[in-house]
Amino acid sequence: MVLKRWLLFIVIFAFSLTLVLSLLIYFQAKSPFSDAADQAQTYALEKKLLAHVEKTYVYNNNSTFLTVVGTTAKGEKKAYFLPEKQSDEKIMEVSLDEGISEQQAIDLAMKDIKDGKLLHAKLGVEEIGPVWEITYVNSQDNLNYVYLLFDNGEWWKRISNL
């Protein structure tokens with residue numbers, strides 16, 4: 001009887017310890033991205049680039065940009081691309097009315113995909129200019145990236161079956 005209690009105690013303790021350590025590692029790993037997104041959002045609001053921020057995320061290519069999407073004081077929907085590091089790269093902006101929407105980009109990228117699962121759609125900057133990055137998993141569980149030009153929705157590049 002005592003052995004069963006000790007065994008139960010050890011199992012519960014090991015499970016609890018594993019859970020706490022997993023959560024700690026997860027939040028520590030996520031912290032730099034959250035901090036960078038918070039700083040970008042604060043910058044956009046303090047510099048009055050945007051009056052209201054809808055979303056902020058990290059976009060990686062050859063350089064890392066923080067994309068901040070929101071509404072200006074005049075009611076225009078805009079996205080700003082802030083370089084991660086203060087460098088010679090300038091802050092870029094696009095008016096969301098001047099290109100294809102996120103939903104249009106998703107529809108174009110997933111048009112011929114059957115049983116695919118959308119992972120995310122991000123607006124970012126590549127050497128060609130603003131692009132939508134659509135990431136999905138196909139029916140064979142392969143990771144795929146599709147890059148569409150923001151201006152007109154034309155396919156720029158595709159990375160398939162990773």
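Reading the values: the criteria
Numbering of residues begins from 1 in every chain and follows the order in which that chain's sequence is written. Only residues with pLDDT of 70 or above have their local features reported here, since the model is predicted, and side-chain atom pairs are shown and tallied only from 80 upward, although totals for entire chains, interfaces and linings are computed over all residues. With hydrogens and water excluded, all non-hydrogen atoms of the structure serve as input to the side-chain values. Numbering goes from the N terminus for both helices and strands, where a helix is a DSSP run of H or I of at least four residues and a strand is a run of E of at least two. As a reference, a globule follows 2.2 Å times the number of residues to the power 0.38, and the radius of gyration itself is taken over C-alpha atoms. Remark: exposure states derive from per-residue accessible area (1.4 Å probe, protein chains only) relative to the maximum for the residue type, with buried under 20%, exposed over 50%, and partly exposed in between. Contact definition: two residues touch when any of their heavy atoms are within 4.5 Å. Note that accessible areas follow from Shrake-Rupley with a 1.4 Å probe, and for residues the cover is restricted to the protein chains shown. Only four residue types enter the charge count: Lys and Arg as positive, Asp and Glu as negative, with His and the chain ends excluded. For charged residues, the charge sits on one atom: NZ in Lys, CZ in Arg, CG in Asp, CD in Glu. Strands were regarded as paired on the criterion that DSSP finds at least two bridges between them. Axis lines are fitted to C-alpha atoms, over the contacting stretch for helices. Their N-to-C directions set the angle, which ranges from 0 to 180 degrees.

S.K.: Explanation requested: the overall build of the protein chain in the structure shown.
M.R.: Summing up its helical and strand segments, the protein chain has two helices and eight strands in all. Starting at the N terminus, the α and β elements of the protein chain follow one another as α-β-β-β-β-α-β-β-β-β. Against the globule reference of 15 Å for 162 residues, the protein chain gives a C-alpha radius of gyration of 21 Å, more extended than a compact globule. When the backbone C-alpha atoms are referred to their principal axes, the protein chain occupies close to 75 × 45 × 30 Å. Burial status across the protein chain gives 35% buried among its 162 residues. Within the protein chain, contacts between residues at least 6 apart in sequence are counted, and of these 31% link residues at least 24 apart. Accessible surface, the protein chain as shown: approximately 10900 Å² in total, 57% of it carbon and sulfur. Distance between charge centroids for the protein chain: 8 Å, based on 17 positive and 21 negative side chains.

S.K.: Quick question: what am I supposed to make of the sheet that holds strand S1 (residues 52-60) here?
M.R.: To summarise the sheet geometry, strands pair through backbone hydrogen bonds and adopt either a parallel or an antiparallel arrangement. Overall, antiparallel pairing links the four strands, which are arranged S1-S2-S3-S4 in an open sheet. With one partner strand each, in any of the chains shown, S1 and strand S4 (92-95) form the two edges of the open sheet. Within the sheet, the average angular offset between the axes of one strand and its neighbour, ignoring direction, is 20°. Direction of pairing for S1 relative to strand S2 (residues 64-71): antiparallel, over a ladder of eight bridges. Paired with Tyr-57 across the bridge in S2 is Thr-67.

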